[in-house]
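Listed here are the chains, written in short residue letters.
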Amino acid sequence: MRIIDGIYQLLTPFPQFTIADAKALRHDLQEHPRVTKGLPYVLPYLLKDGDDTVLVDCGWNTDTAYQALEEGMKEHGSHPNDINKLVVTHVHPDHYGMAGRLKQLSSCEIVLHEKDAEVITARYFAPKGLMDEMGKFMETNGVPAMDTPTMARGSMGMLGNVAPVPADTEVKGGETFKVGDFDFEIIWTPGHSPGHICLYEPNRKILLTGDHVLPTITPNVSIHAQTHGSPLGDYMRSLELLEDLDVEIVLPAHEFEIHDLKKRLREIEDHHKVRLDEMVNCVDRGGSTAWEVAGRVKWATGSLADFEAHMQRAAVGETIAHMEYLFETGRVSKVMRAGKLYWLPV
Ligand SMILES: [Zn+2]
Ligand SMILES: [Zn+2]
């Protein structure tokens, strides 16, 4: 789909969806926004001007997703072989999965933020160590022992749909690159992922937000064995970074375009404020683990006990991220008891 001349929105389905179903959902969702279980598609963007053909995000490495990408590029007079540069907003498999395949086809330059580039090996080339770490991490956070191996594996089953490749260029944020007449600035927006980036074109007032800002859903902001510090604190600060930008069209990597960025930023901030209050109220006087808190929270997609393993992991991770933020802002304290981490109201 043409956004403006030179910027095109493509669509690649998630592994469990056909191209036709994903396209139909793309249309439906924009007409009737609603909470869906799981994401049906990724929206890569083709930036094309002069001799430059740049792709922002790609999709899972499935034949169907590749076919969708090839068809989408063809509609705008391009082919995956023409890609000079692949900019990945963050290293999650739905955005990065096909990178290795595209590298082989086009020898394109792979661009990633250094914080995401550094986890590629642990996550995709040698995930065994990460799984063990994840299991221990989940146990510390109160996940019942029986559930930890399944939860640690979580999305590991999806690894078959990722063709990993190292980054050629690692960025820090603040860099600019040209695509013909377009000037893109890289903005580092950690939170959803430590190395998440957005791309801003100030002359056309266009902002590509990856998973950082989406129109109806909020991205999972989570702590797991590989992340440290306070991702939710990072995320909230990354939202503020976008507040003063002059933007007319926001192009996210899921769902559909946003036209009022400031309004959406306020909605997301409010959502987290409500969620933080809710989580404080889910902490027992005597202390609760993240697993216990996650079991009491009202999730938009159902209750923790009914989630699949990787969703449980995301929910527990998100709970920990909120607890760390509450800790950082002085609203809870934490204590280790018999190898488990408990949160306490203050
Ligand atoms: Zn993501
Ligand atoms: Zn995503």
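Residues numbered from 1 in each chain as written. Chains lettered and ligands numbered in written order. Predicted model: local features only at pLDDT ≥ 70, side-chain atom pairs only at ≥ 80, totals over all residues. Heavy atoms only, no water.

Enquirer: Hey, could you go over the overall build of the protein for me, with residue numbers and the actual values?
Expert: In terms of helices and strands, the protein carries 12 helices and 16 strands. Here the C-alpha atoms of the protein give a radius of gyration of 20 Å, agreeing with the 20 Å that 2.2 N^0.38 yields for 346 residues. When the 346 residues of the protein are sorted by exposure, 55% land in the buried category. Sequence separation of 24 or more characterises 69% of the internal contacts of the protein that already satisfy a separation of 6 or more. Accessible surface, the protein as shown: approximately 14700 Å² in total, 51% of it carbon and sulfur. Side-chain charges of the protein comprise 34 positive and 51 negative groups, with the mean position of each set lying 5 Å from the other. (Helix = DSSP H or I, 4+ residues; strand = E, 2+ residues; numbered from the N terminus. Rg over C-alpha atoms; globule rule 2.2 N^0.38 Å. Buried < 20%, exposed > 50% of the residue type's maximum accessible area, 1.4 Å probe, protein only. Contact = heavy atoms within 4.5 Å. Areas by Shrake-Rupley, 256 points an atom, 1.4 Å probe, with all protein chains shown as cover. Lys, Arg positive; Asp, Glu negative; His and termini not counted. Charge placed at Lys NZ, Arg CZ, Asp CG, Glu CD.)

Enquirer: Residue-level account of the pattern of salt bridges, with values.
Expert: Under the criterion given, the structure shown has 17 salt bridges. The salt bridge involving Asp 246 is made with Lys 205; its shortest N-O contact spans 3.4 Å. Taken as a pair, Asp 246 in the loop between helix 9 (231-242) and strand 14 (249-252) and Lys 205 in the loop between strand 12 (197-201) and strand 13 (206-210) lie far apart in primary sequence, 41 residues in all. Exposure remark for Asp 246: the relative accessible area of 42% places this residue in the partly exposed category. Three or more residues are tied together by salt bridges with common partners; here these are Asp 234, Arg 237 and Glu 328. (Salt bridge = Lys/Arg side-chain N within 4 Å of Asp/Glu carboxyl O.)

Enquirer: Can you tell me about the state of the cysteines, naming the residues and giving the values?
Expert: Joining two cysteines, a disulfide is a covalent bond between their sulfur atoms. For the structure shown, the criterion picks out 0 disulfides. The closest cysteine sulfur to the non-disulfide-bonded Cys 108 is located on Cys 58, 8.6 Å from its own sulfur. Under the relative-accessibility criterion, Cys 108 is labelled buried at 0%. There is no disulfide at Cys 198, and the cysteine sulfur nearest it, in Cys 58, is 17 Å away. (Disulfide = S-S within 2.5 Å.)

Enquirer: Can you tell me about the coordination of the zinc ion (ligand 2), naming the residues and giving the values?
Expert: Summarising the metal site, the zinc ion (ligand 2) is bound by the protein donors Asp 94 (OD), His 95 (NE2), Asp 211 (OD) and His 254 (NE2), whose distances to it range over 2.1 to 2.2 Å. Counting the intervening residues between successive donors of the zinc ion (ligand 2) yields the motif D-H-x115-D-x42-H. In this structure, the zinc ion (ligand 2) lies 3.5 Å away from the zinc ion (ligand 1), the two metals sharing Asp 211 as a donor. Here His 95 is found in helix 3 (residues 93-96), whereas its partner Asp 211 is found in the loop between strand 13 and helix 9, with 116 residues between them in sequence. Exposure remark for His 95: the relative accessible area of 0% places this residue in the buried category. (Donors = N, O, S within 2.8 Å, 3.2 Å for Na, K, Ca; no water.)

Enquirer: Residues and numbers for the environment of Leu 214, please.
Expert: Assignment of secondary structure puts Leu 214 in the loop between strand 13 and helix 9. Sequence separation of Leu 214 and Phe 256 is 42 residues, and the distance between their C-alpha atoms is 7.8 Å. Residue contacts for Leu 214: discarding those within four places in its chain leaves Pro 252, Ala 253, His 254, Glu 255, Ile 258, Arg 264 and Ile 268.

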